[in-house]
Amino acid sequence: MRVKNSMINIGAGLANQMIITILSFVSRTVFISTLGIEYLGINGLFTNILAMLTLAEAGLGASIMYSLYKPLAESDHYRVNILMKFYKNAYLVIAAIVLVSGLAIMPFLDMFIKDTNINNVHSIYLIFLLNTVAPYFYVHKSSFLNVSQKGYIVTGIYSISSILSVCLKIAILHFTQDYILYLVIDSVITISNSIILAIIVNKMYPFLRDKVKGKIDSSTKKDITKNVKALILQNIGNYLIFGTDNIIISSFVSVAAVGIYSNYNMLIEICRTFINQIFNNIYHSVGNLVAKENIEKVYSIYKTYRLLNFWLYSIFTIFLAIMLEPFISLWLGKDFLFEGNLIYVLMLIFFERGMRNSITTLKTTSGIFHEDRYAPLCQAVINLVVSITLVQKIGITGVFIGTLVSALAVPFWLTPYLVYKKVFSKPISSYIRSYTVYLVTGFVVYLITKNTGDLINAHDIKTLILKAVISLTIPNIIYILIYHKTEEFKYLYGIAKGLFQKTFKLISLKKQIKNVG
């Protein structure tokens, strides 16, 4: 059942991602042509600033979701309701904190903006703030669907609303060039999504509407409080690592530079989101696995998870390293490219962060929050010091060198150390060995793929597509040759084969019914 639910969620997520990706390119192209690169920069800047405010909820959701796995698996509805009631009330308080904090920042917005002629900055910021606060009133409902391994429902709702939203926004930009109206559409869609999901959850799980008078027992409350405190520290650190890039670029370079970088980031995040459609849906299955199975079973699945993690992230790293800048050049023009080796730094960050996916999932679903609570803060200090120092000397590339250096200095080794020690009771040396083998393998495959791809000059759509096909095909062929005899590959192949057979049978059945009719 875990595998079945994961595959349904993954399939829904991937289909959604394909649709949204196509629409995103159309929307981004229309956005740049009608409003210009500075508005794109403002988008990225305000997103980063408001991400800072959402730290008020950092850790609460993850901790309570972790607490829900066991009572949900045991069908303990009373305990689930107690936790959900606490979850809802906590988020109402958080919504108020975020709103007040957001309004308090408004007088200081000019401090973060360099070299821009955009009007109505404060009105734009207020709409961004509304879009940030509104989902908190219903987020506990959509989160419950994810814990119940029904994330495909959330995905389906967001797919429909995203398609509608993007189409409306494209029309608004094309016919009116009104950025304020463009943002208002986001607000309406965001609030509508939250209400619809809440209604669906209430119908699917009527017991959630039962009124309960009890409170969380002291032991659970103590665990949640402990984990929330740890996760708040971790998420503050994570924000200072990943959420301040646009603010630093805007403050030390320009808003336009934020806009140019946002195109790089959009393409990288499309690939990351595509991969995460797989891993996010596996996440809750792993949580269920940890709650029910023995450690050897968990370790066996983890190794399979790790191979899949490497396979996907290395392929997308290779693909982006070869294709990202040629694509932007053909799509928007060479004026939208950065000079120097920024692309390689971004790819190293993408790969390193991605390779931590499997080990971080085990850490979180095993409830390891407290032990490394200060690690992100240490990483953040290193990141900010290196980034701010280097951005003034070598420009935008220095910002991301800071991110890479800080990652290698702290979570690169600490996260696996904790998981191998506390969950698997194994030495971290086995993790380092396997990671090194994966790293060397990926680098060699990159060199082979790049040298082959360099034979093609991507000067038009046809040659760009050919180069892309080569960049995706060669790594997959090599990895199949290398890993096809491993137990991990056989397990993954078995799942894929079973899914294909079921899909084929379903298609055949539909054809038979149609022919009979």
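Below or above, wherever it landed, is the structure these notes cover. Just so it is clear, the model here is predicted, and its values are computed rather than measured.

Considerations on the layout of surface pockets
Put simply, the second largest pocket is a space of about 660 Å³. For the second largest pocket, the lining is made up of 21 residues, of which Thr21, Phe25, Ile270, Phe319 and Phe327 are closest to its centre. Sorting the residues of the lining of the second largest pocket by element identifies helix H1 (2-35), helix H11 (255-292), helix H12 (295-331) and helix H19 (461-483) as the ones contributing at least two each. Considering only residue class, the lining of the second largest pocket consists of 19 nonpolar, 2 polar and no charged.

Let's talk about the packing of aromatic side chains
Evaluation of the coordinates by the stated rule reveals 32 aromatic pairs. Measuring from centroid to centroid gives 6.3 Å for tryptophan 311 and tyrosine 483, while their planes differ by 45°, and the two rings are tilted. Remark: tyrosine 483 occurs in helix H19 and tryptophan 311 occurs in helix H12; sequence separation between them is 172 residues. The class of tyrosine 483 is buried, set by a relative accessible area of 9%. When the ring of tyrosine 313 is compared with that of phenylalanine 350, the centres are 5.2 Å apart and the planes differ by 50°; the resulting orientation is tilted. With tyrosine 313 in helix H12 and phenylalanine 350 in helix H13 (residues 342-355), this pair connects stretches of sequence that are 37 residues apart. Taken together, Tyr299, Tyr302, Phe412, Tyr420, Phe424, Tyr431 and Tyr435 form an aromatic cluster joined through their ring pairs. The ring centre of tyrosine 182 lies 5.0 Å from the NZ or CZ of lysine 169, which sits over that ring. In this arrangement the basic side chain of lysine 426 is found over the ring face of tyrosine 299, its NZ or CZ atom lying 4.7 Å from the centre.

Considerations on the nonpolar core
Judged by nonpolar contacts, the single largest core of 140 residues is most densely connected at Phe46, Ile124, Phe144, Tyr179, Phe400 and Phe424. Considering every element that reaches this core, the biggest residue donor is H12, with 20 residues. Not counting the four nearest positions on each side in its chain, phenylalanine 424 is found in contact with Ile295, Val298, Tyr299, Tyr302, Leu362 and Val419.

Some thoughts on the packing of helix H6 (residues 139-147) against helix H8 (residues 179-204)
Axes are the key here: two packed helices are described by the angle between their axes and the distance separating the axes. Between H6 and H8, the least distance of the axes is 8 Å, while the angle of their chain directions is 55°. Judged by the angle between their axes, H6 and H8 are oblique. At the point where H6 passes H8, the crossing takes the left-handed sense. Along its contact with H6, which presents Lys141, Ser142, Phe144 and Leu145, the element H8 presents Leu197, Ala198, Val201, Asn202 and Met204. Looking at the contact of H6 with H8, its residues break down into 6 nonpolar, 2 polar and 1 charged.

Observations regarding the pattern of salt bridges
Scanning the entire structure with this criterion turns up 5 salt bridges. A salt bridge links lysine 169 to aspartate 186, with the shortest nitrogen-to-oxygen separation between them at 3.1 Å. Taken as a pair, lysine 169 in helix H7 (residues 151-175) and aspartate 186 in helix H8 lie far apart in primary sequence, 17 residues in all. Take lysine 169: its relative accessible area is 9%, and that puts it in the buried class. Judged by its relative accessible area of 22%, aspartate 186 is partly exposed. Two residues, lysine 490 and glutamate 487, come together in a salt bridge whose shortest N-O distance is 4.0 Å. Of this pair, lysine 490 and glutamate 487 both sit in helix H20 (residues 487-516), 3 residues apart, which is roughly one turn of that helix.

Definitions and limits used
Residues numbered from 1 in each chain as written. Predicted model: local features only at pLDDT ≥ 70, side-chain atom pairs only at ≥ 80, totals over all residues. Heavy atoms only, no water. 1 Å grid on protein atoms, 1.4 Å probe; cavity = no way out; pocket = protein on both sides within 12 Å on 5 of 7 lines; lining within 4 Å. Points joined across faces, edges and corners; volume = space filled by probe spheres on them. Helix = DSSP H or I, 4+ residues; strand = E, 2+ residues; numbered from the N terminus. Nonpolar A, V, L, I, M, F, W, Y, C, P; charged D, E, K, R; others polar. Phe/Tyr/Trp six-rings, centres within 6.5 Å; stacked < 30°, edge-to-face > 60°. Buried < 20%, exposed > 50% of the residue type's maximum accessible area, 1.4 Å probe, protein only. Lys NZ or Arg CZ within 6 Å of the ring centre and 35° of its normal. Core = buried A, V, L, I, M, F, W, Y, C linked by side-chain atoms within 4.5 Å. Contact = heavy atoms within 4.5 Å. Axes fitted to C-alpha atoms, helices over the stretch in contact; angles between N-to-C directions. Parallel < 35°, antiparallel > 145°, perpendicular 65-115°, else oblique. Left-handed = near helix turned anticlockwise from the far one by under 90°. Salt bridge = Lys/Arg side-chain N within 4 Å of Asp/Glu carboxyl O.

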